[in-house]
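Architecture and fold: a report
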2 protein chains.
Amino acid sequence: GAESGRGMAAWARGVRGLLLDISGVLYDSGGGGGGAPIAGSAEAVRKIKASGLKLRFCTNETQATREKFVKKLQGLGFDISVAEVTAPAPAACRLLKERGLRPHLLVHDDLIPEFAEIDKTNPNCVVVGDAAENFSYANVNEAFRVLIGLEKPVLISLGRGRYYKETDGLKLDVGAYMKALEYACDVEAEVVGKPAKAFFESALAEMGVPPQQAIMIGDDIVNDVGGAQQCGMRAVQVRTGKYRPCDENHPQVKPDAYVNNLAEAVDVILSQL
Amino acid sequence: GAESGRGMAAWARGVRGLLLDISGVLYDSGGGGGGAPIAGSAEAVRKIKASGLKLRFCTNETQATREKFVKKLQGLGFDISVAEVTAPAPAACRLLKERGLRPHLLVHDDLIPEFAEIDKTNPNCVVVGDAAENFSYANVNEAFRVLIGLEKPVLISLGRGRYYKETDGLKLDVGAYMKALEYACDVEAEVVGKPAKAFFESALAEMGVPPQQAIMIGDDIVNDVGGAQQCGMRAVQVRTGKYRPCDENHPQVKPDAYVNNLAEAVDVILSQL
């Protein structure tokens, strides 16, 4: 079984790099100010940077461009830059270009600038992200009509999360709408972002650390913990964000450890350096 | 393989009762006047009634009360009454009462009167119907929050259709949103309406005809044709409504016959009496 945070802490040894999920680990999104930092997380990020450990932020956030997202986090007190963030939209753009795909976008308005360089005329695929309020019936139906009208429908999903936690409660994530479109069009989506192996591997490559020497820290038992473990990394679940006690009985995924929050994880890891 | 409509017409022999799907068979919904009748269908219904065959309309329509729906069809020229219609909402009400369930409703505004007698305080389940424009992100999220907050989530879906055809194009049906909620909450919906066996059986009972002597006529290869065949009925697919040529290569379901439209089906069946 998984260790609890402190104790022997064998899970925290031999580490050279950390991948941090953002939403639910650094902060909870939503509310007037765009979210609330989780106690101790800003200080924990500063400690990681002071320690000499490699660090990469690995997020499925698709409600804003990385620029806007990072600015919000800086405003909440985090030491973070755009160059440190691995996010689904740029990965999707690489894939679209490689395969000559022209997307119809079912995404948040604020994400659209990430696709500025991409030809969107006469679409031959659909890209779905966390569109939130843009998931109106009319918009979802329009994406459905594009897909069902294609001889070979291609659906690219920026993540497959079920839900996330905002300050005012749980919110449906992109995965639910991915499933709706998959069912309506009888297609299987290609997922860009966590838990896709290629996504974790690109984050590791950007950090220059092999999976055996890296730890993923996230609040999503399947997409953070399970996905990272599939890549040969260790993975720790925080008891913040969308964490629910029943996650600890997940039938498929067992984290290498549970910690109460990012601050505790970082303290344990740094104590083992 | 399935026969085409005319020809030997062995599929049309020994019939005592017909179940007719409505949307895509009698008329195409949508547009200013609430829809357009399919050529020859009103006359075909009159011929069935004149023939002495038993007749029942078996619909998954959940965008209006049966009263309102039937009034619309009468306005389009159809000889139809509320007592002749088997629809999901009354079946759902019976199930809710039997099991002491209090629903949160994610349905079309016009369907709500069907649930007038049902206690909806302090909900312990969600009922999802074809809510159309009511499938806003806020409404779907609210239903999600009710479900995820229940110790044992119960999701009742009024049908599982993928899409239907309106006069201005294809529209996402309840099944897509059922799948979204199933995935987000890790539950399996209980389907009331076609293709549920109990639903076809109640229509047959209301008609007083055993399945071996009944034919279902519909445009949905899975929910009409497949569902009826699972009950031991014959089933014919019309090439109207949501019919698409690729339906004729469906990997699981083979209709007993294809016909161009309801008028042709009825002519063949009456010629065998």
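Residues numbered from 1 in each chain as written. Chains lettered and ligands numbered in written order. Predicted model: local features only at pLDDT ≥ 70, side-chain atom pairs only at ≥ 80, totals over all residues. Heavy atoms only, no water.

- By the naming in an unreviewed UniProt entry, chain A is Phospholysine phosphohistidine inorganic pyrophosphate phosphatase, taken from Anser brachyrhynchus.
- Per its UniProt entry, chain A bears the Function (unreviewed entry) comment "Phosphatase that hydrolyzes imidodiphosphate, 3-phosphohistidine and 6-phospholysine. Has broad substrate specificity and can also hydrolyze inorganic diphosphate, but with lower efficiency." (UniProt positions renumbered as here; feature names shortened; annotations may be inferred.)

1. Considering the overall build of chain A
- Summing up its helical and strand segments, chain A has eight helices and 15 strands in all.
- For 273 residues, the compact-globule estimate of 2.2 N^0.38 gives 19 Å, and the C-alpha radius of gyration of chain A, at 18 Å, lies within 12% of that figure.
- By principal-axis analysis of the C-alpha atoms, chain A measures approximately 55 × 35 × 35 Å.
- Out of the 273 residues belonging to chain A, those deemed buried represent 60%.
- Expressed as a percentage of contacts within chain A between residues at least 6 apart in sequence, the contacts between residues at least 24 apart total 65%.
- Put simply, chain A shows about 10,600 Å² of open surface, and 48% of that area lies on carbon and sulfur atoms.
- Considering chain A, the positive charge centre built from 31 side chains and the negative charge centre built from 35 side chains are found 3 Å apart. (Helix = DSSP H or I, 4+ residues; strand = E, 2+ residues; numbered from the N terminus. Rg over C-alpha atoms; globule rule 2.2 N^0.38 Å. Buried < 20%, exposed > 50% of the residue type's maximum accessible area, 1.4 Å probe, protein only. Contact = heavy atoms within 4.5 Å. Areas by Shrake-Rupley, 256 points an atom, 1.4 Å probe, with all protein chains shown as cover. Lys, Arg positive; Asp, Glu negative; His and termini not counted. Charge placed at Lys NZ, Arg CZ, Asp CG, Glu CD.)

2. Digging into the side chain of Glu84(B)
Residue and element names in this part refer to chain B.
- The residue glutamate 84 is located in the loop between helix 2 (66–75) and strand 6 (85–86) in this model.
- In terms of polar contacts, glutamate 84 uses its side chain to reach the backbone amide nitrogen of serine 81, at 2.8 Å.
- Setting aside anything within four residues of it in sequence, one finds glutamate 84 in contact with Lys49, Arg56, Phe57 and Asp79. (Polar contact = N/O pair within 3.5 Å; in protein donor to acceptor, adjacent residues only side chain to side chain.)

3. Description of the state of the cysteines
All names here are of chain A.
- For the structure shown, the criterion picks out zero disulfides over all chains.
- Free of any disulfide, cysteine 125 has its nearest neighbouring cysteine sulfur in cysteine 93, separated by 11 Å.
- Take cysteine 231: it sits in no disulfide, and the sulfur closest to it among the cysteines is that of cysteine 58, at 9.3 Å. (Disulfide = S-S within 2.5 Å.)

4. Observations concerning the environment of Val85(A)
Residue and element names in this part refer to chain A.
- Mapping valine 85 onto the fold places it in strand 6 (residues 85–86).
- Of the residues examined, valine 85 reaches a relative accessible area of 5% and is grouped as buried.
- For the pair formed by valine 85 and isoleucine 22, sequence separation is 63 residues and the distance between their alpha carbons is 9.5 Å.
- Setting aside its immediate chain neighbours within four residues, valine 85 contacts Arg56, Phe57, Thr59, Arg66, Val70 and Ile80.

5. Notes on the pattern of salt bridges
- Taken as a whole and assessed by the stated rule, the structure comprises 30 salt bridges over all chains.
- The residue Asp267(A) makes a salt bridge to Lys47(A) at a minimum N-O spacing of 2.9 Å. Residue Asp267(A) is located in helix 8 (residues 262–271), and its partner Lys47(A) is located in helix 1 (residues 41–51); the two are separated by 220 residues in the primary sequence.
- Overall, the relative accessible area of 30% leaves Asp267(A) in the partly exposed class.
- Across the salt bridge formed by Glu190(B) and Arg99(B), the nearest N and O atoms sit 2.6 Å from each other. Here the residue Glu190(B) occupies a position in strand 12 (residues 190–192), and Arg99(B) occupies one in helix 3 (residues 88–99), the gap between them amounting to 91 residues.
- Note on Glu190(B): relative accessible area 29%, which makes it partly exposed.
- Judged by its relative accessible area of 42%, Arg99(B) falls in the partly exposed class. (Salt bridge = Lys/Arg side-chain N within 4 Å of Asp/Glu carboxyl O.)

6. Describing the domain arrangement of chain A
All names here are of chain A.
- As assigned here, chain A comprises domain 1 (3–58 + 209–271) and domain 2 (88–192).
- Distance from the C-alpha centre of domain 1 to the C-alpha centre of domain 2: 27 Å.
- Summing both sides of the interface, domain 1 and domain 2 together bury roughly 790 Å²; the carbon and sulfur share of this comes to 46%.
- Contact with domain 2 buries surface across domain 1, with Ser29, Asn223 and Lys242 losing the most and accounting together for 50% of the total.
- Where domain 1 meets domain 2, there are four residue pairs in polar contact (both at pLDDT 80 or more). (Domains from an automatic or database assignment. Buried area = accessible area lost by both parts, 1.4 Å probe.)

7. Comments concerning the sheet that holds strand 9 (residues 155–158) of chain B
Residues and elements named next belong to chain B.
- Taken in spatial order, the four strands line up as 7-8-9-12 in an open sheet, and their pairing is parallel. The open sheet has two free edges, formed respectively by strand 7 (103–106) and strand 12, since each of these has just one partner strand. Here the average twist between neighbouring strands, direction ignored, is 25 degrees.
- As judged from the three bridges shared by strand 8 (residues 125–128) and strand 9, these two strands associate in the parallel manner. By the bridge assignment for strand 9, valine 127 is matched with isoleucine 156.
- Sheet strands touched by helix 4 (residues 137–148): strand 7, strand 8 and strand 9. Its angle to strand 7, the strand with the most contacts, is close to 160 degrees. (Pairing = 2+ DSSP bridges. Axes fitted to C-alpha atoms, helices over the stretch in contact; angles between N-to-C directions.)

8. Digging into the sheet that holds strand 7 (residues 103–106) of chain A
Residues and elements named next belong to chain A.
- Reading across from one edge, 7-8-9-12 is the order of the four strands in this open sheet, with parallel pairing throughout. Each edge of the sheet is formed by a strand with only one pairing partner; in this case those strands are strand 7 and strand 12 (190–192). The mean angle between the axes of side-by-side strands here comes to 25 degrees, regardless of whether they run parallel or antiparallel.
- Examined bridge by bridge, strand 9 (residues 155–158) and strand 12 share three bridges and lie parallel to one another. Bridging across to strand 12, leucine 158 finds its partner in valine 192.
- Most of the contacts of helix 3 (residues 88–99) go to strand 12, to which it runs at about 130 degrees, and overall it touches strand 7, strand 8 (125–128), strand 9 and strand 12.
- Each of strand 7, strand 8 and strand 9 touches helix 4 (residues 137–148); the most contacted strand, strand 7, lies at about 160 degrees to it.

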